[in-house]
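# Summary of structural features
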Amino acid sequence: RENFIHLCNPHLEKMKEDILYHFALGTGTHDFPALFGDVKFVCVGGSPSRMRAFIAYIAEELGLGSPGCDYPNICAGTDRYAMYKVGPVLSVSHGMGIPSISIMLHELIKLLYHAKCSNITIVRIGTSGGIGLEPGSVVITRQSVDATFKPQFEQVILGKTVIRSTNLDEQLAKELMQCSKEIGQFNTVIGNTMCTLDFYEGQGRLDGAICLYNEEEKLQYLKEAYDSGVRNIEMESSVFAAMCNLSGVKAAVVCVTLLNRLEGDQISSSHDVLVEYQQRPQKLVGYFIKKSLGKV
């Protein structure tokens, strides 16, 4: 059964051309079905360099590229986001924080719609702070929760507060968990992910430029988060889940933890260790894509 992208915007049908400004793409200048019509998997992550590394990795895994092969940035006409493609896989950077990923997702969802893509799976791969987990653990998000541990994304639209669901695809999470078991290289759990508006105070850190609470209060908050089911903290998952839900897209969030926030606030692991940690979500999602395509 073909499952196409659902656009919650009747105004788009009246437009002669749709310019995806932050991608430097447009329906009047680019043939979206020809460029993107075969896409089945979209992986998004904060860093342009990480998403370029991912497309090189998946190309080699799928036998669609050779070592050292160059993958051009489809969005080279802008410095906001980077986009790479190989075969049925699209890799896109989204920057840091809810506003940045929200802008990218609006244009990405429209791109997939204009390309007439169907049966799309979107996965955010990234880094996070863990709660009660050893550094290097991978968390597959069950649901994204806000800083009060509620599974919702809240946004003010036309002066009114709108609340949207942040549940993620349960079956997809289970499939990813099974893939991690088959890989057998790193600890992986399914848990809630807390999405905050800030890296420092919003996540209860003691090392920002401003901090008006003490360590005891911080630890009490993080333990409450853990008891509510939260296993990691990042800054994009809530709007990602909400927008994918509204667009009828199967979605997942897979993040590695760089530290255990119950033991500290600063990321002190060596560069080489952090690089290896950051490759873990890439390996998991790469294996999932290979398995989905019958290449395992």
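Keep in mind that this is a model prediction, so the values were computed, not measured.

### A look at the overall build of the protein chain
- In terms of helices and strands, the protein chain carries seven helices and twelve strands.
- Radius of gyration (C-alpha) of the protein chain: 19 Å, near the 19 Å computed for a compact globule of 296 residues.
- Counting only C-alpha atoms, the protein chain reaches 55 × 50 × 35 Å along its principal axes.
- Here the protein chain holds 296 residues, and 49% of them are scored as buried.
- By element, 51% of the accessible surface of the protein chain is carried by carbon and sulfur atoms, the whole surface being about 14,100 Å².
- Here the protein chain carries 28 positive and 32 negative side-chain charges, and the mean point of each set is 6 Å from the other.

### What to know about the packing of helix α2 (residues 48-61) against helix α7 (residues 271-292)
- It is at 10 Å that the axes of α2 and α7 come closest, and there the two elements cross at 40°. Accordingly, the angle class assigned to the pair α2 and α7 is oblique. Note that α2 runs across α7; the crossing there is right-handed. For the pair α2 and α7, the contacting residues are Arg50, Ala53, Phe54, Tyr57, Ile58 and Glu61 in the first and Gln278, Gln282, Lys283, Val285, Gly286, Ile289 and Lys290 in the second.
- Looking at the contact of α2 with α7, its residues break down into six nonpolar, three polar and four charged.

### Re the side chain of Asp265
- Structurally, the position occupied by Asp265 is in the loop between β12 (250-260) and α7.
- Its relative accessible area of 10% is what places Asp265 among the buried residues.
- In terms of polar contacts, Asp265 uses its side chain to reach the backbone amide nitrogen of Leu206, at 2.8 Å.
- A polar side-chain atom of Asp265 sits 2.8 Å from a polar atom in the side chain of Lys218.
- Residues within four places of Asp265 in sequence aside, it is in contact with Gly204, Arg205, Leu206, Asp207, Lys218 and Leu259.

### Description of helix α4 (residues 170-183)
- A rise of 1.5 Å per residue sets the reference length of α4, with its 14 residues, at 20 Å; its end C-alpha atoms lie 20 Å apart and thus fit the reference within 8%.
- Turning to α4, its buried residues number three or more, namely Leu172, Ala173, Leu176, Met177, Cys179, Ser180 and Ile183. Down the axis of α4, the sector holding all buried residues measures 155°, keeping them to one side. Opposite the buried face of α4, by more than 90 degrees, sit the exposed residues Glu170 and Lys181.
- Close packing links the buried residues of α4 with β6 (121-130), β7 (138-145), β10 (188-195), β12 and α7.
- A side-chain oxygen of the first residue of α4 lies 3.2 Å from the backbone nitrogen of Gln171; this N-cap is Asp169.

What counts as what
- Residues numbered from 1 in each chain as written.
- Predicted model: local features only at pLDDT ≥ 70, side-chain atom pairs only at ≥ 80, totals over all residues.
- Heavy atoms only, no water.
- Helix = DSSP H or I, 4+ residues; strand = E, 2+ residues; numbered from the N terminus.
- Rg over C-alpha atoms; globule rule 2.2 N^0.38 Å.
- Buried < 20%, exposed > 50% of the residue type's maximum accessible area, 1.4 Å probe, protein only.
- Areas by Shrake-Rupley, 256 points an atom, 1.4 Å probe, with all protein chains shown as cover.
- Lys, Arg positive; Asp, Glu negative; His and termini not counted.
- Charge placed at Lys NZ, Arg CZ, Asp CG, Glu CD.
- Axes fitted to C-alpha atoms, helices over the stretch in contact; angles between N-to-C directions.
- Parallel < 35°, antiparallel > 145°, perpendicular 65-115°, else oblique.
- Left-handed = near helix turned anticlockwise from the far one by under 90°.
- Contact = heavy atoms within 4.5 Å.
- Nonpolar A, V, L, I, M, F, W, Y, C, P; charged D, E, K, R; others polar.
- Polar contact = N/O pair within 3.5 Å; in protein donor to acceptor, adjacent residues only side chain to side chain.
- Expected span 1.5 Å × (residues − 1).
- Arc of directions from axis to C-beta.

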